[in-house]
Amino acid sequence: MKALVKTERGCTDLKLMDIPKPVCPDNGVLLKVRVVAVCGSDIHYYKDLEPMPIPQVMGHEFCGDIVEVGKDVKDWKVGEFVISRVPVYPCGECPECKEGHPERCRSRKSAGLQTQGAYTEYIVSFPNLLYRVPEGVSDRMAACCEPSAVCLHAVKRFHVNPEWTVAVSGTGLIGLLTIQFLHIYGVKNIIAIGLDSDEPKRFPIAKKFGAVHTINGQHRSAAEQVLEYTNGRGVDLAIDCVGAVPAIDELFKMMARGGTLGAIGVPGPDARVSVNWNQFVWRSQTVISSFYSAPEDWEELIGYMKDGKLSFEEVFTHDLKLEEWEQVFKNSSNPNYVKAVFRPNAQ
């Protein structure tokens, strides 16, 4: 079957290759990939900014059609259109696994990183990872349930209060979805922070999703502008959706007394943030990080999709065949780029 593969270290071209079609296990299902979305982490791996086994078929945000069902599988049938959580293979033995948090497993293997991902025609998944796509939900949105779940999980971990003033740094997909979930959870005063490149396309989407104010922090301190907007008080919650150290530094400066910094963005492996610990303690501030998601987050967000509360068709700027991968991976810094999807089985 056709697959898009990273075969070499460095920022080298991906290669379209023929790889073996996976065998459907007795306890799993075989999916024909309908749509796979390009995650920002895939672009990092493409550029060799993060370690990854080579060769590798990336892609962990996907949906597809069941084409084969293992003999031990009940309640699922061939032809159903489904969303799949990321196939993750935890060890089952570490303390995190035994405590019911396989997403925190110290040696877990994930599809698209250590095992075959969805930049290909077929992928194996398992019944406990599947959800039927609600009527009226597009295949592109279905494929993006994984980043949606990450954002919803974070908003819940941050214990959001509807009366808070919240700043979201970064208006890529994660920032935009975080804004939408904040809005769903009743937050009315949301500030979106970005750069020059966010002005033409992403800032308007941020406002449509629930932001009431946008700030360009490229030429003047975002913290200064936030403090002006809040009459010197600062924000109750400052959320990082970028993972860039300078942006994180700005968030610490704009937090109100008793405020919280919520960390979603993942910086490079050697990133270090400097904090004025004296002020951090005197101001009784908090940092909460959030990584990945839990099954209940997927169930909740699919409910929002079904009810029409969660909709983000505006973010899709590229809808392509696998063969057109260069339009995404070599142009991801284009200000008109937000989110791309591939259709591996498109003719």
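Below is a short write-up of the structure. Since this is a predicted model, take the numbers as computed values, not measurements. Numbering of residues starts from 1 in each chain and follows the order in which that chain's sequence is written. Whole-chain, interface and lining totals are the exception, using all residues; otherwise, since this is a predicted model, local features are given only for residues with pLDDT of at least 70 and side-chain atom pairs are given and counted only at 80 or more. As a rule here, side-chain values cover all heavy atoms of the structure and leave hydrogens and water aside.

## What about the pairing of strand β14 (residues 235-240)?
Burial of β14 is extensive: six of the six residues sit out of reach of the surface. A pair of strands counts as paired when DSSP detects no fewer than two bridges linking them. Helix and strand assignments come from DSSP, with helices taken as H or I runs of at least 4 residues and strands as E runs of at least 2, each series counted from the N terminus. As paired elements, strand β11 (residues 165-169) and β14 share four bridges and run parallel to each other. Directly across from Val-166, in β14, lies its bridge partner Leu-237. As defined by bridge partners, β14 adjoins strand β15 (residues 255-263) across five bridges and the pair is classed as parallel. Think of it in three bands: with a 1.4 Å probe and only protein chains considered, a residue is buried below 20% of the maximum accessible area for its type, exposed above 50%, and partly exposed in between.

## With respect to the sheet that holds β15
If you trace the six strands from one edge of the open sheet to the other, you get β13-β12-β11-β14-β15-β16, paired in parallel fashion. A strand with exactly one partner marks an edge of an open sheet, and here the two such strands are β13 (213-216) and β16 (286-289). On average, each strand axis in the sheet is inclined to that of its neighbour by 20 degrees, with strand direction left out of account. In the sheet, β15 pairs with β16 via four bridges, with the strands oriented parallel. Within β16, the residue paired with Leu-261 across the bridge is Val-287. Sheet contacts for helix α8 (residues 245-254): β11, β12 (189-194), β14, β15 and β16; angle to β15, the most-contacted strand, approximately 150 degrees. Lines fitted to C-alpha atoms define the axes here, with helix axes fitted over just the stretch in contact, and angles between the N-to-C directions of these axes take values from 0 to 180 degrees. We call two residues in contact whenever any of their non-hydrogen atoms come within 4.5 Å of each other.

## A word on the pattern of salt bridges
When a carboxyl oxygen of Asp or Glu lies within 4 Å of a side-chain nitrogen of Lys or Arg, that pair is called a salt bridge. Taken as a whole and assessed by the stated rule, the structure comprises 22 salt bridges. A salt bridge links Arg-220 to Glu-228; the nearest nitrogen and oxygen atoms lie 2.2 Å apart. Given the relative accessible area of 51%, Glu-228 is considered exposed. Taken together, the shared-partner salt bridges in this structure form one network comprising Asp-139, Arg-140, Glu-313, Asp-319 and Arg-343.

## Side note on the environment of Gln-225
Structurally, the position occupied by Gln-225 is in helix α7 (residues 222-229). Along the sequence, Gln-225 and Ile-264 sit 39 residues apart, while their C-alpha atoms lie 22 Å from each other. Gln-225 has contacts with Ile-215, Asn-216, Gly-217 and Arg-220, leaving out every residue within four places of it along the chain. Under the rule applied, a polar contact is a pair of N or O atoms within 3.5 Å (in protein, one hydrogen donor and one hydrogen acceptor; residues adjacent in sequence only if both atoms are side-chain atoms). Looking at Gln-225, its side chain comes within polar contact range of the main-chain oxygen of Arg-220, at 3.1 Å.

## So, the nonpolar core
Of all hydrophobic cores here, the largest spans 53 residues; its most connected members are Leu-182, Ile-239, Leu-301, Phe-312 and Val-315. Per-element tally for this core: the top contributor is helix α4 (residues 145-157), with seven residues. The contacts of Val-315, once residues within four sequence positions are left out, are Leu-173, Leu-176, Ile-205, Phe-209, Val-338 and Lys-339. Nine residue types can take part in a nonpolar core, namely buried Ala, Val, Leu, Ile, Met, Phe, Trp, Tyr and Cys, and a core is a set of them joined through side-chain atoms within 4.5 Å. Membership of the second largest hydrophobic core comes to 44 residues, among which are Ala-118, Tyr-119, Phe-126 and Trp-325.

## A look at the packing of α4 against helix α5 (residues 173-184)
Look at α4 against α5: their axes get within 9 Å of each other, and the N-to-C directions meet at 50 degrees. Judged by the inter-axis angle, α4 sits oblique to α5. Between α4 and α5 the crossing geometry is right-handed. From α4, Pro-147, Ser-148, Cys-151, Leu-152 and Val-155 reach across to α5, where they touch Leu-173, Ile-174, Leu-177, Thr-178, Phe-181 and Leu-182. The scheme is simple: roughly parallel for angles under 35 degrees, roughly antiparallel for over 145, roughly perpendicular for 65 to 115, oblique for anything else. Crossing handedness follows the turn of the near helix against the far one: under a right angle anticlockwise gives a left-handed crossing, and clockwise gives a right-handed one.

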